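Geometric and topological summary
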Amino acid sequence: MNDGTSWPELRRVLLEETQPAPGFEQRILSGPGAAPAARRSSWAIAAAAAALTILIVVTLLLAGRALQRTGVPAATPTPPAASPAASGPPPALSTRSLSSPTFDPSGAGWVIELDQQPPLVGGMAVMHTVDAGAHWTSQLEVSGGYADLRSGPAGQALVHVMGLSTGVGAAARPAQDSFYSTGDGGAHWQRYPPPAAGIIQTVQIQDGREAWLTMEVATGSGPPDQWVIYHTADGARTWQRLGTVDLAATFGASNVGFSRSSNGRYGVFIPLIGSATPTRLYTTSDGGVHWQGAPMPAVPGQVPGAAPAVFALAEGHLAIVGQGVLLASDDGGQHWSAPRPLPPSVTGGGVEGLDSGHWWLTTRDGRLFSSADEGGTWTAAGTLPKGMTFGSLAFSSPTVGWTTASYLRPNTGNALLATTDGGRTWRSVTPPHPYATTVPCGGAGATVTAHAHLGVSYDGRERQATVPAGVGVTDGCRYRLTTADTSGTIDVATAPAERGRVYTLGDFLDVWGVPDVASMAGAFGSATRVTVLVDGRPYSGDPRTIPLRNGTRVVVQVTAPTGGG
Amino acid sequence: MGFEELLQPHLEPAFRLARAMLGGHADAEDAVQESVTLAWRKLRQLRDPGAFRPWFLAIVANRCRASRRSAWWSVLRVDHSAVELDGVQPDDDVVGRLDLRGALRRLGREDRAALLLFYALDLPVEEVAAALGVSASAAKARIHRAAGRLRTAMGEEVRR
């Protein structure tokens, strides 16, 4: 029996320390929280959606006023660039979860696909291409949560699969991280465990062979008081213990923070919690053995309490994005530039850099700017397809790049887009989804023989354009179940040898890449009940078994208690 | 029972767990909000509605772990809510609590989570285990070790 009252002081302090702010339930249930990170993982951005858009607009308005009040110099107008070309319509909506795009200039590349949205643990596959995304092969299908991948020359790749706990009760399984390494383009993979037992704090993969890892350890019976830093140069087969960092001596009272290295040798650490001293930025230039502390620079226009976004670029370059300005450092944070204005109308965003002559600034509304002078001046470079926002961005040359772009709609995933003109235009190179489906794809002689309808209604009113156009139409082939527009009409095709086969709603969801009908309902909102109607009548069985015959009308009905969707 | 009805009683424990693991208000709200969305989408995977609380808390804990370690988060954030104790009157009781607060902050996030779930939220060991993704015996050991580390961090023996 839990006797929580026998240590009342601890209980009281724990409850005080974790006290929610007023209104937190409403904020959680109505959308993403305030002050999102300047660059969030792509699936989280997808979940943000409309509320995020509103937040951005409000932030832009408030930031503009704040800048006027605080006297931040107006942004220097950049020379008018050629109007970026539109990137065409966005790819069909899906719940794909792609991450860690990594490519080399030859067009060989990798991307990780998770079939569950993290932090849920599910299957993941490493997708590999040798022709810049025209064709993909699925490799290394394992179970995992988050994963990261970097590649190197001659078919080298290193994957870190983050261990997350699974199961409930007796079925609970503890977290266990793993590393997978290949040296032949993914034909063969070797699995390696971490170098020691313990809580892994960070993993920084540099390329297909080299990585750094920090692990929290306790030297006595007390709390974790050290970081142990390990390094591998052979794809995680062996690890060398570089040294230890005394947390208290190095970082003060804090033992909580993020660390990020631009290349493993330069590292950045910012204490977050419990620091009794003003916020400092700690950097290392020897792989983490020795650290130097320096005050965080003041970011003009920064709202008190807001979090500055620090981006670690190559070779010790750092960038901090504040309200409409950027500060740059080329010595790992020891010295910082004066505030450099962002492009007009841009108050924040993410920064990526190939080298000191090629930096990019991404905005949440999908605009891309480039800079050849470390953020001194910016030029409009291009835009994503309408309705998409940047996720992970990587350039292998000044003109060739990739991003896992997310849809600015609730409960959608992302797509892999590529550019070959410096970000001016983008096209989808998303791998065919690896969901197991028995629906045939391609082949000769298939003709449309039936039309079914799938829609979503909120409180009795049908929601338009829930099912996207282009479902079942991929670069490689055309499935038997497709959509041509956003009306919800499903075209059912049949080949001569398949006469009599009846497809189901589950087949269509698999082709679409949507796990279930509840996921179709879109924004979480306050929906409490999902029912399915088939030809106007409630369907009590598993919706996946609903046969899609000619004229079948399926409506996913969402009922909200307050009358809103 | 609708999802919101199922969820509502567990929002506050979920937030407290996220706060214990992440520290900042905004990060904790983000983590819980994202966990809510995921839980809603994956609710059909939950066979026993009675196990919703540990199942949901496990999602929150995983989200917190991953948000701290996800390699593709290149953004470093500083949350100034950590200095919210400024201005507190330093009477003896408060000083004592400050010691305890400082000691708690010196613990690892898994230790703080274990202490919160067991001592503050009164979850039985089996649910602490499920939320943390360990066996019941491992959860007992973790709670015990965390309490020991807390005592050490406070620099004094604390009576239970």
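Just above, that's the structure.
Cut-offs used in this document
Residues numbered from 1 in each chain as written. Chains lettered and ligands numbered in written order. Predicted model: local features only at pLDDT ≥ 70, side-chain atom pairs only at ≥ 80, totals over all residues. Heavy atoms only, no water. Helix = DSSP H or I, 4+ residues; strand = E, 2+ residues; numbered from the N terminus. Buried < 20%, exposed > 50% of the residue type's maximum accessible area, 1.4 Å probe, protein only. Contact = heavy atoms within 4.5 Å. Areas by Shrake-Rupley, 256 points an atom, 1.4 Å probe, with all protein chains shown as cover. Pairing = 2+ DSSP bridges. Axes fitted to C-alpha atoms, helices over the stretch in contact; angles between N-to-C directions. Core = buried A, V, L, I, M, F, W, Y, C linked by side-chain atoms within 4.5 Å. Domains from an automatic or database assignment.

**Here's the deal with the overall build of chain B**
- Regarding its fold elements, chain B presents seven helices and one strand.
- Each helix and strand of chain B, placed in order from N terminus to C terminus, yields the pattern α-α-α-β-α-α-α-α.
- Taking all 160 residues of chain B together, 68% fall into the buried category.
- Contacts in chain B between residues at least 24 apart in sequence constitute 65% of all its contacts with a sequence separation of at least 6.
- As presented, chain B carries roughly 5700 Å² of accessible surface, and 49% of it is formed by carbon and sulfur atoms.

**Focus: the sheet that holds strand S6 (residues 157-161) of chain A**
All names here are of chain A.
- In space, the four strands of this open sheet follow the order S5-S6-S7-S8, with antiparallel pairing throughout. One side of each edge strand has no neighbouring strand; the edge strands of this open sheet are strand S5 (147-151) and strand S8 (190-192). Ignoring which end each strand starts from, the neighbouring axes of this sheet average 20° apart.
- Relative to S6, S5 runs antiparallel, the two sharing five bridges. Residue Ala147 lies in a different strand from S6, and its bridge partner there is Val161.

**Things to note about helix H5 (residues 505-512) of chain A**
- Burial within H5 of chain A is extensive, with eight of its eight residues counted as buried.
- By the burial criterion, the buried members of H5 of chain A are Leu505, Gly506, Asp507, Phe508, Leu509, Asp510, Val511 and Trp512 of chain A.

**Description of the nonpolar core**
- One finds Leu17, Val32, Val36, Phe56, Leu115 and Leu117 of chain B to be the most contacted residues of the largest nonpolar core, which totals 56 residues.
- If you tally residues by element for this core, the top one is helix H1 (residues 3-22) of chain B, at eleven residues.
- For this core, the two domains that each supply at least three residues are domain 1 (1-77) and domain 2 (83-160) of chain B.
- With near-sequence residues (within four places) excluded, Leu115 of chain B lies in contact with Leu14 of chain A together with Leu104, Leu107, Ala120, Ile143, Ala146, Ala147 and Leu150 of chain B.
- Grouped together as the second largest cluster of nonpolar side chains are 26 residues, Ala452, Val456, Phe508 and Val554 of chain A included.

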